[in-house]
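These are the residues of each chain, in order.
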There are 2 protein chains.
Amino acid sequence: MAEHYLEAIQAGTLRTGDRMPSVRELMRRHQVSLSTALQTLRHLEEAGWLEARPRSGYFVRQPRRSSILPVQEPRSLLAIDPAHYVGIHEKVSNFIARRQSSMPQLDLSGMTCAPELYAVDALKQAAIRALRERPDLLTSAMPHNGNMGFRQVVARRALNAGIRISADEVVVTHGCIEALNLVLRAVAQPGDTIAVESPTYFGLLQTLENLGMRALEIPTSPHTGISVEALELAIQTYGNIKAVVVVPNLQNPLGCIMPEAHKDALVKLCRQARLPLIEDDAYTELADGSVTPSSLKSRDTDGNVIYCVSLNKVLAPGMRLGWVNGGRWHERIKMLKFAHTRANEEWTQVTAADFMAGTGYDRHLRRLREILREQREQMAESIAAYFPEGTRLNVPNGGVGLWVELPGELSSQQVFEAALAEGIGISPGAIFSNSDRYEHFLRMCCGHPFTRELDQGLRQLGRICKGMME
Amino acid sequence: MAEHYLEAIQAGTLRTGDRMPSVRELMRRHQVSLSTALQTLRHLEEAGWLEARPRSGYFVRQPRRSSILPVQEPRSLLAIDPAHYVGIHEKVSNFIARRQSSMPQLDLSGMTCAPELYAVDALKQAAIRALRERPDLLTSAMPHNGNMGFRQVVARRALNAGIRISADEVVVTHGCIEALNLVLRAVAQPGDTIAVESPTYFGLLQTLENLGMRALEIPTSPHTGISVEALELAIQTYGNIKAVVVVPNLQNPLGCIMPEAHKDALVKLCRQARLPLIEDDAYTELADGSVTPSSLKSRDTDGNVIYCVSLNKVLAPGMRLGWVNGGRWHERIKMLKFAHTRANEEWTQVTAADFMAGTGYDRHLRRLREILREQREQMAESIAAYFPEGTRLNVPNGGVGLWVELPGELSSQQVFEAALAEGIGISPGAIFSNSDRYEHFLRMCCGHPFTRELDQGLRQLGRICKGMME
């Protein structure tokens with residue numbers, strides 16, 4: 001019932017200032033108990049959509065965050081940085097080292113949800129079941145190309161998303177970072193240039209640096225994703241781009257989802273330019289709404305799209321598991337995986353396959369998406385309330401991250417240090433690019449339950465920011 | 001009791017042709033039951049040390065393999081190959097692909113023991129216990145530097161072997177191949193030269209090729225390991241060697257253990273030449289005898305020795321787990337691990353730590369060593385019986401491998417193909433070097449129970465070899 005009224009509020013059917021039906025009216029209209037009606041109203045109030053006026057009833061509130069402006073588009077969607085060796089390593093190493101040594105009590109710097117938001121018990125049972133059914137799971141040599149059952153399950157789920165691959169066309173990996181290492185080495189050499197989004201996941205920038213490759217940052221809209229026109233221009237300008245890496249759904253850190261037409265254009269451009277298109281999918285299952293956003297891979301007709309999936313954020317933060325379909329480079333990626341880390345443990349794969357094959361996985365995803373949405377809304381509210389005037393914020397349609405643009409004179413590196421000193425962890429925008437364009441941005445995680453501590457933490461962050469502006 | 005008489009036979013106290021004490025004599029001398037006395041005699045007979053002559057008793061046999069000569073020393077322990085890009089990849093890829101697609105029923109090509117030779121039940125129980133004690137093990141973010149309990153356990157065991165490191169000085173890896181990738185990248189760049197043993201583990205050669213590094217193969221004695229004099233000459237001749245990788249105990253594929261004096265000299269040479277010494281330890285715990293062979297790391301005084309351990313062959317083939325102490329390069333290796341695959345799953349580490357901390361692990365190792373010794377002896381016997389005249393064989397003092405030198409005109413690649421066609425897998429010598437010096441060698445695994453099938457398989461292999469000589 002809360003959902004019903006929430007949709008009405010969001011759609012504008014119930015407008016700000018409108019009075020909600022009374023408890024008695026709700027009971028009569030929807031044939032529910034007093035307790036259910038009250039709970040609904042309180043739920044919406046806690047979520048910030050209603051405010052209670054004593055002896056008047058519940059009224060629709062203007063959520064504070066609608067007064068917060070979205071993050072700005074980049075100044076020019078065509079201007080391209082000259083490719084250069086990434087040089088990100090120091091920045092990222094420092095950030096990681098500082099975060100690890102400080103161990104902030106309130107750590108909003110990652111992209112992992114709180115453990116209890118995952119299917120703790122079901123996964124545990126699946127793991128125990130795996131060991132009971134195959135007691136020698138731990139003492140048998142690991143199949144080189146991954147556990148067949150796991151590969152079948154992921155191939156079947158991919159089919160539901162319009163991706164036609166067989167279980168044999170799946171390489172099991174240790175997750176996103178390993179996959180990036182493998183696929184980049186499959187398509188390029190040290191010294192080669194790889195086009196990436198701007199800003200982009202710092203793990204990708206760090207991997208590029210480690211492989212001695214050059215990152216060419218392509219202007220990216222915080223609302224529609226990578227600029228296909230800018231990529232086309234870059235391909236023409238720089239004759240030596242060897243691949244492009246894109247996160248089309250719930251981009252990290254921006255949170256945007258590419259419109260369908262842009263995805264079509266991107267896949268077509270890369271096909272025509274014979275430019276390997278590497279798709280990184282770690283969050284798609286966390287997108288809101290009844291329709292899962294489509295993949296670039298589902299548009300692949302000639303094996304030009306390399307599709308990398310990580311299960312770490314959607315299935316289980318304690319599992320180091322992912323998979324790749326390498327398109328034209330599949331065999332090379334298979335051999336690189338073998339030369340990189342040999343085979344993955346079967347135990348993990350069997351457990352994941354068991355859980356993912358049943359209805360429990362989709363049920364878990366639905367629940368997680370809903371919880372994330374609430375937590376995200378509440379955090380956005382608090383940011384709008386506490387952060388300095390001029391702060392901008394994209395509230396993405398799903399996922400775990402919040403990308404916040406602070407007033408331009410602020411340095412997120414300084415905010416990061418000051419916050420760490422007070423036991424709060426955030427990710428400074430500087431690590432998401434080799435340029436200094438995002439010095440005044442920061443990324444925060446909405447995967448934690450919205451508690452009073454979290455609210456106070458956000459208040460403190462706001463205070464830190466305001467203090468730096470005087 | 002069988003052990004007692006076996007030592008007597010091996011020491012020569014009981015000579016070939018000597019008559020064993022009768023069953024009654026054994027019962028009286030050793031105060032044992034009829035059944036024990038009979039079992040002892042039968043055990044020694046099955047192992048090939050005794051032969052039963054009807055109505056006469058048991059007599060000491062000449063084990064056939066003592067007539068088989070050991071593998072020859074390399075022609076010159078000083079001659080060094082010029083370093084070159086490895087070019088091994090094709091050979092290894094073909095070998096692996098052929099082996100995987102053929103799936104031989106009798107696969108002697110690996111270095112993994114049969115699953116039941118490991119502590120199947122204890123490991124399973126430890127894994128289940130881990131999940132019950134920490135139900136959120138699968139849904140909690142993985143600690144970046146590895147599980148503390150696991151690191152403490154391995155550090156403590158290392159202390160028993162004279163290696164003084166703390167739990168903080170342990171980087172958890174996904175095993176040998178990942179470790180090699182990380183440590184080579186920590187000390188060298190693409191284009192650099194790395195000194196290696198000759199022959200050496202094909203995984204190392206493949207990794208070098210993948211990293212664009214050059215392998216300089218150093219002459220290695222099948223009995224005493226790498227030639228320290230040859231390495232010294234190489235360091236002087238080639239000014240640009242960036243590191244040396246050595247397997248001092250139960251070298252793969254040779255099976256030899258370096259004498260203590262050679263280990264001293266090697267560590268000293270590398271320290272003086274400021275050449276990073278990378279020690280690869282995957283089999284030390286499988287060495288026979290009451291004293292574990294020492295490590296190079298235990299001689300390290302200035303962090304010049306990088307120590308890599310893999311648990312895959314000694315603890316559990318189903319676990320992708322190892323660790324590294326990086327000496328002077330430890331911090332760099334930590335960051336490379338993070339950039340390579342992020343953190344290992346905690347579940348595996350907690351399980352391993354639980355099992356390795358108790359007495360069960362040492363008990364398992366003792367049992368495994370004993371079983372391997374028996375299986376090794378019996379395989380050696382069969383090889384001596386079935387293979388062509390002129391076949392040479394080292395029977396190592398431990399471990400999983402048997403390195404067999406076929407008569408010089410044979411090609412182990414052809415033997416490999418012919419064997420695969422008959423459902424038998426072996427590892428052709430060619431993949432263990434970039435030279436063609438080992439074309440007529442092959443490596444076989446003694447980790448499988450010695451059954452009639454195995455004996456027949458060896459007989460078939462012998463027939464295949466003999467057939468190629470006509």
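Relevant structure appears above.
Note that this is a predicted model, so its numbers are computed, not measured.

Asks: What is the right way to read the interface of chain B and chain A from this model?
Replies: When the parts come together, some accessible area is lost, and that loss is often what is quoted as the size of the interface. The interface of chain B with chain A comprises 56 residues on the first partner and 56 residues on the second. Around 4900 Å² of area is buried between chain B and chain A when both sides are counted, 59% of it from carbon and sulfur atoms. The largest contributions to the chain B side of the interface with chain A come from Leu138, Thr139 and Arg320 of chain B, which together make up 14% of the buried area. There are zero salt bridges connecting chain B and chain A. Inspection of the region where chain B meets chain A yields 23 residue pairs in polar contact (both at pLDDT 80 or more). For the side of chain B that touches chain A, the elements supplying multiple residues, two or more each, are helix 4 (89–102), helix 5 (120–133), helix 7 (176–187), helix 8 (202–210), helix 11 (330–341) and helix 12 (346–357) of chain B. Here the side of chain B that touches chain A gets seven residues from one element, more than from any other, and that element is helix 5 of chain B. Of the residues assigned to the side of chain B that touches chain A, the class counts are 27 nonpolar, 20 polar and nine charged.

Asks: What's the story with the environment of valine 314 of chain B in this structure? I'm lost.
Replies: All names here are of chain B. If you trace the backbone, valine 314 turns up in the loop between strand 11 (305–310) and strand 12 (322–325). Looking at valine 314, the relative accessible area reads 3%, which means it is buried. As a C-alpha pair, valine 314 and cysteine 113 span 201 residues in sequence and 8.8 Å in three-dimensional space. In this structure valine 314 touches Tyr118, Ala282, Tyr283, Glu285, Leu286, Tyr361, His364, Leu365 and Leu368, once residues within four positions along its chain are discounted.

Asks: What am I meant to see in the pairing of strand 7 (residues 214–221) of chain A here?
Replies: One face of the sheet, then the other: side chains in a regular strand alternate in exactly this way. Residues and elements named next belong to chain A. Along strand 7, seven of the eight residues are buried, which leaves the element largely enclosed by surrounding structure. Inspection of the sheet shows strand 6 (residues 193–198) paired to strand 7 by six bridges, in the parallel sense. Following the sheet pairing, serine 198 is matched in strand 7 by proline 219. With helix 8 (residues 202–210) bridging strand 6 and the parallel strand 7, this β-α-β connection has right-handed handedness. In this sheet, strand 8 (residues 225–226) lies alongside strand 7 in antiparallel orientation, the contact comprising two bridges. Across the sheet, residue serine 221 finds its bridge partner in strand 8, namely glycine 225. Between the antiparallel neighbours strand 7 and strand 8 lie three residues.

Asks: Explain the packing of helix 6 (residues 148–160) of chain A against helix 12 (residues 346–357) of chain A here, please?
Replies: In a packed pair of helices, the relevant descriptors are the angle between the two axes and the axis-to-axis distance. Residue and element names in this part refer to chain A. Axis separation between helix 6 and helix 12 bottoms out at 8 Å; the angle between their running directions is 35°. Of the two elements, helix 6 crosses helix 12, and the hand of that crossing is left-handed. Each of Gly149, Phe150, Val153, Val154 and Arg157 in helix 6 lies in contact with helix 12, whose residues at this interface are Gln349, Ala352, Ala353, Met356 and Ala357. When its residues are assigned to classes, the contact of helix 6 with helix 12 shows seven nonpolar, two polar and one charged.

Asks: For this particular structure, what's the right way to read the pairing of strand 2 (residues 57–60) of chain B?
Replies: For strand 1 (residues 50–53) of chain B and strand 2 of chain B, the ladder comprises four bridges, and the chain directions are antiparallel. The residue of strand 2 of chain B that forms the bridge with glutamate 51 of chain B is phenylalanine 59 of chain B.

Asks: Looking at this structure, I do not really get the pattern of salt bridges. What am I missing?
Replies: Pairing between side chains of opposite charge can happen when their charged atoms approach one another. Applying the stated criterion across every chain yields a total of 40 salt bridges over all chains. Between lysine 337 of chain A and glutamate 178 of chain A there is a salt bridge, and its shortest N-O distance comes to 2.8 Å. Linking lysine 337 of chain A in helix 11 (residues 330–341) with glutamate 178 of chain A in helix 7 (residues 176–187), this pair joins segments that are 159 residues apart in sequence. Just as lysine 337 of chain A is buried, glutamate 178 of chain A falls in that class too. Aspartate 354 of chain B is the partner of arginine 129 of chain B in a salt bridge, and the nearest nitrogen-oxygen pair spans 3.1 Å. Pair noted here: arginine 129 of chain B is in helix 5 and aspartate 354 of chain B is in helix 12, with a separation of 225 residues, a long-range link. For arginine 129 of chain B, a relative accessible area of 37% corresponds to the partly exposed category.

Scoring rules and cut-offs
Residues numbered from 1 in each chain as written. Chains lettered and ligands numbered in written order. Predicted model: local features only at pLDDT ≥ 70, side-chain atom pairs only at ≥ 80, totals over all residues. Heavy atoms only, no water. Contact = heavy atoms within 4.5 Å. Buried area = accessible area lost by both parts, 1.4 Å probe. Salt bridge = Lys/Arg side-chain N within 4 Å of Asp/Glu carboxyl O. Polar contact = N/O pair within 3.5 Å; in protein donor to acceptor, adjacent residues only side chain to side chain. Helix = DSSP H or I, 4+ residues; strand = E, 2+ residues; numbered from the N terminus. Nonpolar A, V, L, I, M, F, W, Y, C, P; charged D, E, K, R; others polar. Buried < 20%, exposed > 50% of the residue type's maximum accessible area, 1.4 Å probe, protein only. Pairing = 2+ DSSP bridges. Right-handed = clockwise from strand over helix to strand, strands pointing away. Axes fitted to C-alpha atoms, helices over the stretch in contact; angles between N-to-C directions. Left-handed = near helix turned anticlockwise from the far one by under 90°.

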